[in-house]
Amino acid sequence: MNRTLDKLRRRRRGVVALTAAALLLGGGLTAPAALAADDYTQSVSQLSSTQVQINFTPTTPALYVDVHYTGVPGLGQQNVRMTNGSGTWRTTVGGLSSGNVLDYWFTYEKSGPQYDTPHFSYTVGGGTTTVAAPTFSPPGGTYAGAQTVTISSATAGATIRYTVDGSTPTASSTLYSGPISVPNSRTVNAIALKSGSANSPVSSATYTIGTQAGCPTQSDTPNFGPNVRIFDPSMSAATIQAQLDTDFNNQKDTLTAQFAERRVAHLFKPGTYGVHDNVGFYTSVAGLGQNPGDVVINGDITVDAFNASDNGVALQNFWRSAENMAVNPSSGNDRWAVAQAAPFRRMDIRGGLQLYPASYGYASGGYIADSKVSGQAASVSQQQWYTRDSALGSWNGGVWNMVFSGTSGAPATTFPNPPETTLATTPVSRDVPYLYVDGTGKYRVFLPSLRTNASGPSWANGSTPGTSAPMSQFYVVKSGDTAASINNALAAGCNLFFTPGIYHLNQTLNVTRANTTILGIGYPTLVPDNGVNAMQVSDVDGVRLKGLLFDAGTTNSQALLTVGQSGSSASHASNPTTVQDVFFRIGGQIAGKATNSLIVNSADTIIDHIWAWRADHGNAGTVGWTTNTADTGLVVNGTNVTATGLFVEHYQKYQVIWNGQGGKTIFFQNEMPYDVPNQASWNAPSGVAGYAAYKVASNVTSHEAWGLGSYCFFDTNPAVSSYHAFEVPNTSGVRFHSLLTVSLNYRGTITHVINDTGGVTPSGTVPVNVVNYP
């Protein structure tokens, strides 16, 4: 967003304040949830025109598995104890005909407790059955010695072909006939095949054998450096409040702190505190309990239009976060009036939540995940917002684009009037890794499990399902660390914990080990020098990136972050890489340059809340059409990539290019570049005027997206126009829902919303809406 005050005063934004009726969403978990991709695989095989077989393979052997299903004509809900055969539990369902839809879910035992899964559906005769992807036991990882690996598919009668040289398996690859030996480090790829069915996706497991001794033991009570404040309930409230106020005064000013180098984190150990934390730029506030209720703030965690220079608007309230706490607001309502890159995660607000400034000025956030608000969440003057896997007492308001997935209490889909779009569940998600203190006073990082078809906070029925890792396996990155020292830690098998600071990199950070976690607090900022790419993640399972800011250096980088090598094709559906609260900046603080910000080559990657921003304002000399140059914010080449909470702004060509099949996006917020000098310099290769904000490649046959907005503000030359905001193939498998375009203050135009559909943006900052396409 452009936030210079003369432009802010010229904008005209309508505000719609609505009281939404609560909508209770079905299909959620009914017991503590051990999650699909970590705990089991499931599939349905069509045996005949009237029979299907339901298959369930738990990762950990189960004493029993029950399947519950509806959809058989003439029968109500059926509950059946499944039959175990070589670790896969099976049940045959008959009495079906083409078009019947089975709704089914499982109850299974794991090491004593019983768990329920989300609901799944299967349409009889709905197309070619796809063979279940192979699974590996033991899973890929680092092992001291050779491993004997079993490969299986939940599809009965399937054959498996595999490779051990990193190549993609085909029908002519080695036939799997029994457990295989993995004597040294290698990647095993496998595919399952069955006559009459579509081949499975490729599965991949990387085994590191004996070449790494493991991360040299680090401290479980590390020194996090001078920029991390750790508060204990034994400290006096006055002492804590004085530190909070000092940090806020240093970080609050929009004119001086927005592009300063100061970074800070406020961490609260389990207990109860009577404080008020005003959250400024580059500040992370988090509880150190395993669950949000372990840290209780009797007070407030506040973001507002704090400064006189803000003129009552919150359009520049970037780069701050709140996480993993319960808040009893002093006035009954907490206030979180933010713009981009300000996540609100794992929060338990015991009252209402106001997402707008006290002045009722405009705001341009925002993102909530894995949270609960017992009262009303009110957006009022917020222009757009995305809420994922949460629970709200109710929702009030909507300006342009309010999107919800897996959130009870969210309003029903009424787009465009009011502009609210709701999905009952989130197709795939995994909550962020987070730091906590265990009962012995040692620090650990919790690693939540994957969720499929999730609804509600992961901690709604108790502790978040998942595992934890001791800080002894994390290298703590602090001031003085270099790219070499960080790469040495990665090569030794360590995870990384970045503390607040700015880190210049003269070599690429190489993440090659499966299941590596890289966690940052206090907006640690990675700056590539001399044109290197800042970080490269290999095409391996389970890498988790959270809480990082990539800031382009003054020499052009081809990419700031790349996930997977070009041509990556292995399946990671059971353990994907996640990119969460990872932000990209081109210009603003320095005159940065990068052709691309984020490139995703690995299949199944989850992009969960990013803001890729080519700066439209900043320090003197850091912004301009030929100064902070950048082509594209996000390029997706991998298959089955999911984006939940995607913010991309002001890049000079396509903002997003999606080349991979099977992609999904839930919520997209975009502004086209403000500083296009003239039309001739900004016409797409196809010859149409301007570059689309979101381009799906012409060969893509499957893609779906919900809740997308693209705005223009061609301030340098208002004669500039873009032919359309969304450019997609015209095919039934590519579907878009709830789209809009807006010309801000009528500075330039967008002729169509998507392809040739949707009218030209009018004056008056009025949206043009398309409910569904095609």
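So, here is what we can say about the structure in this document. Here, residues in each chain are numbered from 1, in the same order as that chain's written sequence. Where totals are concerned, whole chains, interfaces and linings use all residues; where local detail is concerned, this predicted model gives features only for residues with pLDDT of at least 70, and gives and counts side-chain atom pairs only at 80 or more. Values reported for side chains reflect all heavy atoms of the structure, with hydrogen atoms and water molecules removed beforehand.

A short note on the overall build of the protein chain
In step 1: When its secondary structure is counted, the protein chain shows 4 helices and 59 strands.
In step 2: To get the radius of gyration, use the C-alpha atoms; to get the globule rule, take the number of residues to the power 0.38 and multiply by 2.2 Å. Relative to the globule expectation of 28 Å for 774 residues, the C-alpha radius of gyration of the protein chain, 25 Å, shows essentially globular dimensions.
In step 3: By its C-alpha atoms, the protein chain is 70 × 60 × 50 Å across when sized along the principal axes.
In step 4: Working definition: with a 1.4 Å probe on protein chains only, accessible area under 20% of the residue-type maximum means buried, over 50% means exposed, and in between means partly exposed. In the protein chain, buried positions account for 62% of the 774 residues.
In step 5: Surface accessibility in these figures is a Shrake-Rupley result with a 1.4 Å probe; residues are shielded only by whichever protein chains are displayed. When the accessible area of the protein chain is evaluated, it comes to approximately 24,900 Å², of which 49% is carbon and sulfur surface.
In step 6: Counted charges follow a simple rule, with Lys and Arg positive, Asp and Glu negative, and His plus the chain ends left uncounted. One atom stands in for each charge, and that atom is NZ of Lys, CZ of Arg, CG of Asp or CD of Glu. If the 41 positive side-chain charges of the protein chain are averaged to one point and the 44 negative ones to another, these points end up 2 Å apart. The numbering of helices and of strands both runs from the N terminus, where a helix is a DSSP run of H or I of at least 4 residues and a strand a run of E of at least 2.

Things to note about helix α4 (residues 483-491)
In step 1: Along α4, the residues that are buried comprise A483, I486, N487, A489 and L490. Buried residues of α4 fall within an arc of 155 degrees about the axis and therefore sit on the same side. Those residues of α4 that are exposed and angled more than 90 degrees off the buried face are N488 and A491.
In step 2: Contacts were defined at the residue level, with two residues in contact if any of their heavy atoms lie within 4.5 Å. Each element contacted by the buried residues of α4 is listed here: β38 (474-477), β39 (495-498), β40 (502-505) and β41 (509-511).
In step 3: Within two residues after α4, G493 carries a phi angle of roughly 95 degrees, on the positive side. Directions pointing from the helix axis toward each C-beta atom define the arc.

Focus on the side chain of Q241
In step 1: Relative to the helices and strands, Q241 is located in helix α3 (residues 237-251).
In step 2: From its side chain, Q241 meets the backbone oxygen of H276 in a polar contact 2.8 Å long. Distance and chemistry together define a polar contact, namely a pair of N or O atoms within 3.5 Å, with one atom able to donate a hydrogen and the other to accept it when in protein, and with adjacent residues in sequence counting only for side-chain atoms on both sides.

Here's the deal with the pairing of strand β2 (residues 52-58)
In step 1: Of all the 7 residues making up β2, 7 are buried; the element is thus mostly covered by neighbouring parts of the structure.
In step 2: A two-sided burial pattern is seen for β2, the buried positions comprising V52, I54, F56 and P58 on one face and Q53, N55 and T57 on the other.
In step 3: Strands qualify as paired when DSSP identifies two bridges or more between them. Looking at chain direction, strand β1 (residues 40-46) and β2 are connected through 7 bridges and run antiparallel. Bridged to Q42 within β2 is F56.

A short note on the state of the cysteines
By definition, a disulfide links two cysteine residues through a covalent bond between their sulfur atoms.
In step 1: Cysteine sulfur atoms are paired as a disulfide whenever they come within 2.5 Å of each other. Considering all chains together, one arrives at 1 disulfide under this definition.
In step 2: In this model C215 forms its disulfide with C494; the gap between the sulfur atoms is 2.0 Å. Between C215 and C494, the S-S torsion sits near 85 degrees, and that sign places the bridge as right-handed. Taken together, the positions of C215 in the loop between β17 (203-209) and β18 (228-231) and C494 in the loop between α4 and β39 put the pair 279 residues apart, joining distant regions of the chain.

A few points about the environment of D277
In step 1: Note on placement: D277 falls in strand β21 (residues 276-278).
In step 2: For D277, a relative accessible area of 0% translates into the label buried.
In step 3: Between the alpha carbons of D277 and D300 there is a distance of 6.2 Å; along the sequence they are 23 residues apart.
In step 4: With sequence-adjacent residues up to four places away left out, D277 is seen in contact with L244, H266, F268, V285, D300, I301 and T302.
In step 5: A distance of 2.9 Å separates polar atoms of two side chains, one belonging to D277 and the other to H266.

Some words on the pattern of salt bridges
In step 1: In what follows, salt bridge is the name for a side-chain nitrogen of Lys or Arg lying within 4 Å of a carboxyl oxygen of Asp or Glu. With the rule as written, the count across this model stands at 19 salt bridges.
In step 2: With its nearest N and O atoms 2.7 Å apart, the salt bridge here joins R388 to D389. Taken as a pair, R388 and D389 share a single burial class, namely buried.
In step 3: Each of R345, R388, D389, D431, R451, D581 and D608 takes part in salt bridges that share partners, so that together they form one network.

A short note on the sheet that holds strand β37 (residues 466-470)
In step 1: With antiparallel pairing, 3 strands are arranged side by side in an open sheet as β34-β35-β37. Bordering the open sheet on either side are β34 (434-437) and β37, each of which pairs with just one other strand. Ignoring strand direction, the axes of neighbouring strands in this sheet form an average angle of 35 degrees.
In step 2: Sheet analysis places strand β35 (residues 443-448) next to β37, joined by 5 bridges and oriented antiparallel. By the bridge assignment, R444 is partnered in β37 with P470. To define axes, lines are fitted to C-alpha atoms, for helices over the stretch in contact only, and angles between the resulting N-to-C directions are given on a 0 to 180 degree scale.

A word on the packing of aromatic side chains
In step 1: Stacked, tilted and edge-to-face pairs are distinguished by plane angle, under 30 degrees for stacked and over 60 for edge-to-face with tilted covering the rest, among Phe, Tyr and Trp rings (Trp via its six-membered ring) whose centres lie within 6.5 Å. Applying the stated rule across the entire model yields 47 aromatic pairs.
In step 2: Between W336 and F344, the ring centres sit 5.1 Å apart and the planes meet at 50 degrees, which makes this aromatic pair tilted. Both residues of the pair, W336 and F344, count as buried.
In step 3: Members of the aromatic cluster, joined through ring pairs, are Y40, F56, Y104, F106, Y108, Y115 and F120.
In step 4: Sitting over the face of the ring of Y282, R263 holds its NZ or CZ atom 3.7 Å from the ring centroid.
In step 5: Above the face of the F281 ring, R320 is positioned so that its terminal group lies 4.4 Å from the ring centre. The rule for a charge over a ring is simple: NZ of Lys or CZ of Arg within 6 Å of the ring centre, and within 35 degrees of the ring normal.

Side note on the nonpolar core
In step 1: For the purposes of this section, nonpolar cores are sets of buried Ala, Val, Leu, Ile, Met, Phe, Trp, Tyr and Cys residues that join through side-chain atoms within 4.5 Å. Grouped together as the largest cluster of nonpolar side chains are 80 residues, with contacts concentrated most on M535, L561, Y694 and F736.
In step 2: In this structure, V279, I301, V327 and L392 belong to the second largest nonpolar core, which totals 32 residues.

Examining unusual backbone geometry
In step 1: Cis peptide bonds are those with omega within 30 degrees of zero, and the linkage from F415 to P416 qualifies with 10 degrees.
In step 2: At the junction of Y773 and P774, the peptide bond is cis and its omega measures out at -5 degrees in the coordinates.
In step 3: Following the sequence through the fold, P774 ends up in the segment after β59 (768-773).
In step 4: Even without a glycine there, the phi angle at H609 is positive, about 75 degrees.

With respect to the environment of T422
In step 1: Within the secondary structure layout, T422 lies in strand β32 (residues 420-423).
In step 2: You can call T422 buried: its relative accessible area is 15%.
In step 3: Along the chain, T422 and T239 lie 183 residues apart, while their C-alpha atoms are 44 Å from each other.
In step 4: Contact partners of T422, with chain neighbours within four places excluded, come to F404, A410, P411, A412 and T413.
In step 5: Polar side-chain contacts of T422 include one of 2.5 Å to the backbone oxygen of P411.

Shape descriptors only; they carry no functional weight alone.
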